[in-house]
Amino acid sequence: QSALTQPPSASGSPGQSVTISCTGTSSDVGGYNYVSWYQQHPGKAPKVIIYEVSLRPSGVPDRFSGSKSGNTASLTVSGLQAEDEADYYCSTYAGNNNYVFGTGTKVTVL
Amino acid sequence: QVYLAESGGGVVQPGRSLRLSCAASGLTFSDSAMHWVRQAPGKGLEWVAVISYDGNYKYYVDSVKGRFTISRDNSKNTVSLLMSNLRREDTAFYYCARYSPENWAFDYWGQGNLVTVSS
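What comes next concerns the included structure. Because the structure is a prediction, the values reported are computed rather than measured.

## Let's talk about the state of the cysteines
As used in these notes, a disulfide is a covalent bond between sulfur atoms, one from each of two cysteines. All names here are of chain B. Overall, the coordinates contain two disulfides over all chains when judged by the stated rule. Each disulfide pairs two cysteine sulfurs, and for Cys 22 the partner residue is Cys 96, the sulfurs being separated by 2.0 Å. Because the sign of the S-S torsion sets the handedness, a value of about 50° for the bond joining Cys 22 and Cys 96 places this disulfide among the right-handed ones. You can see Cys 22 sitting in strand β3 (residues 18-25) and its partner Cys 96 sitting in strand β9 (residues 92-100), a full 74 residues away along the chain. Considered together, Cys 22 and Cys 96 belong to a single accessibility category, that of buried residues.

## Looking at the environment of Pro 7 of chain A
All names here are of chain A. Position of Pro 7 relative to the elements: it lies in the segment before β1 (9-12). Linking Pro 7 and Thr 23, residues 16 residues apart in sequence, is a C-alpha distance of 9.6 Å. Excluding residues within four positions of it along the chain, Pro 7 makes contact with Ile 20, Ser 21, Gly 104 and Thr 105.

## Comments concerning the nonpolar core
By size, the foremost hydrophobic cluster in this structure holds 45 residues, and its most contacted members are Trp 36, Val 79, Leu 81, Met 83, Tyr 94, Phe 106 and Trp 109 of chain B. The residues contacting Tyr 94 of chain B, other than those within four sequence positions of it, are Glu 6, Leu 20, Trp 36, Val 37, Arg 38, Phe 68, Leu 81, Met 83, Gly 112, Asn 113 and Val 115 of chain B. Listed in part, the 24 residues of the second largest apolar core include Leu 4, Ile 20, Ala 86 and Cys 90 of chain A.

## With respect to the interface of chain A and chain B
Listed as interface residues are 20 residues of chain A and, on the opposing side, 23 residues of chain B. Both sides together, the interface formed by chain A and chain B hides about 1,800 Å², and carbon and sulfur atoms give 63% of it. Taken together, the connections running from chain A to chain B amount to zero salt bridges. Between chain A and chain B we count six residue pairs in polar contact (both at pLDDT 80 or more) in total. Among the secondary structure elements, those contributing two or more residues to the side of chain A that touches chain B are β3 (36-40), β7 (86-93) and β8 (99-101) of chain A. Partitioned by chemical class, the residues of the side of chain A that touches chain B number 10 nonpolar, eight polar and two charged.

What counts, and at which threshold
- Residues numbered from 1 in each chain as written.
- Chains lettered and ligands numbered in written order.
- Predicted model: local features only at pLDDT ≥ 70, side-chain atom pairs only at ≥ 80, totals over all residues.
- Heavy atoms only, no water.
- Disulfide = S-S within 2.5 Å.
- Helix = DSSP H or I, 4+ residues; strand = E, 2+ residues; numbered from the N terminus.
- Buried < 20%, exposed > 50% of the residue type's maximum accessible area, 1.4 Å probe, protein only.
- Contact = heavy atoms within 4.5 Å.
- Core = buried A, V, L, I, M, F, W, Y, C linked by side-chain atoms within 4.5 Å.
- Buried area = accessible area lost by both parts, 1.4 Å probe.
- Salt bridge = Lys/Arg side-chain N within 4 Å of Asp/Glu carboxyl O.
- Polar contact = N/O pair within 3.5 Å; in protein donor to acceptor, adjacent residues only side chain to side chain.
- Nonpolar A, V, L, I, M, F, W, Y, C, P; charged D, E, K, R; others polar.

Here it is in structure tokens:
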């Protein structure tokens, strides 16, 4: 199974918005509403920030939002803050008991 | 509070074996499917393996099939990954993670354990 495709980097100034795409196929992203997004700070374990395409776990700011259209999912971070600088990964169940992650996007707050 | 603690990492020569363990607390372990996810230094996340809540079902990413074996002991709240015939490309931080059956996401992660395959 191939990794989902994400842009290597994204950036924005504090207060601005940044959107990260996650492109797969009809067998993974397009086939299931199980896309999740993870935030990873350097040296730390990943943390789920979006699940089932657009739902936020308790405690995750509503600045984080998710969506999906066809084979592409997206994560938007609105009102960027310094602590949002991190790596972000999408993931989904890919059928046949397989799971796949995205290639990862480094978000820089300018 | 949920806590997943990996152990067993280290430096190992190519072709040798290593066992990672993950001890869980603060969750109903016997109801939880458990996964291993790895991350090569400076690289992205890669799903490695999953074991069902009862240990009856195990699935692996193609690159480790036949070399890695996932197992669990629900009486001790532990999940293990036996890695055999290790290759240099298996060098990575290995995370155990719980996959939430309600949220379809990896909701709890260990801190990660580094495995270095080198001669």
